[in-house]
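Summary of structural features
One letter stands for each residue in the lines below.
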Amino acid sequence: WVSTLAGMGPSARAAAEVAAEMGVVVADLHSGLRGHGGADWAERLLSDGLHLTEAGQERVYNIIEAAVRNWKKEEGGADIRKQLGG
């Protein structure tokens, strides 16, 4: 278990590499949050170092939405419900 923000980078990169090898779309929250708005990103996006602030929630939504849009474009507009068997 990674207990510090600094220690999360290698784990996040490893997970993204495995996902890429498996052909799975990744919504890279770690990079997306860390790379958003300078050195004080954690203070603005995390209320206590773990839980998201309102700005953090909005940023996570935007990262996930972009990943889904990118996936849909790569899949030729495929309906995610069909992919999930729904």
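Report on the accompanying structure. Just so we're clear, the structure is a prediction, and the values are computed from it rather than from any experiment.

Turning our attention to the pattern of salt bridges. Tallied over the full model, the rule gives two salt bridges. The shortest N-O distance in the salt bridge between Arg69 and Glu65 comes to 3.1 Å. Taken as a pair, Arg69 and Glu65 lie in helix α4 (residues 54-74) at a separation of four residues, close to a single helical turn. Classification of Arg69 as exposed rests on a relative accessible area of 56%.

A cluster of nonpolar side chains, Val18, Met22 and Val24, forms an exposed patch at the surface whose accessible area comes to about 290 Å². Along the chain, the position of Val24 falls in the loop between α1 (8-22) and α2 (29-34).

By size, the foremost hydrophobic cluster in this structure holds six residues: Leu33, Trp41, Ala42, Leu45, Leu46 and Val60. Here this core takes three residues from helix α3 (residues 41-45), the largest share from any one element. Sequence-distant contacts of Val60, defined by excluding residues within four places in its chain, comprise Leu29, Leu33 and Leu52.

Definitions and cut-offs
- Residues numbered from 1 in each chain as written.
- Predicted model: local features only at pLDDT ≥ 70, side-chain atom pairs only at ≥ 80, totals over all residues.
- Heavy atoms only, no water.
- Salt bridge = Lys/Arg side-chain N within 4 Å of Asp/Glu carboxyl O.
- Helix = DSSP H or I, 4+ residues; strand = E, 2+ residues; numbered from the N terminus.
- Buried < 20%, exposed > 50% of the residue type's maximum accessible area, 1.4 Å probe, protein only.
- Patch = residues over 30% accessible without salt bridge, like charges linked within 9 Å, V, L, I, M, F, W, Y side chains within 5 Å.
- Areas by Shrake-Rupley, 256 points an atom, 1.4 Å probe, with all protein chains shown as cover.
- Core = buried A, V, L, I, M, F, W, Y, C linked by side-chain atoms within 4.5 Å.
- Contact = heavy atoms within 4.5 Å.

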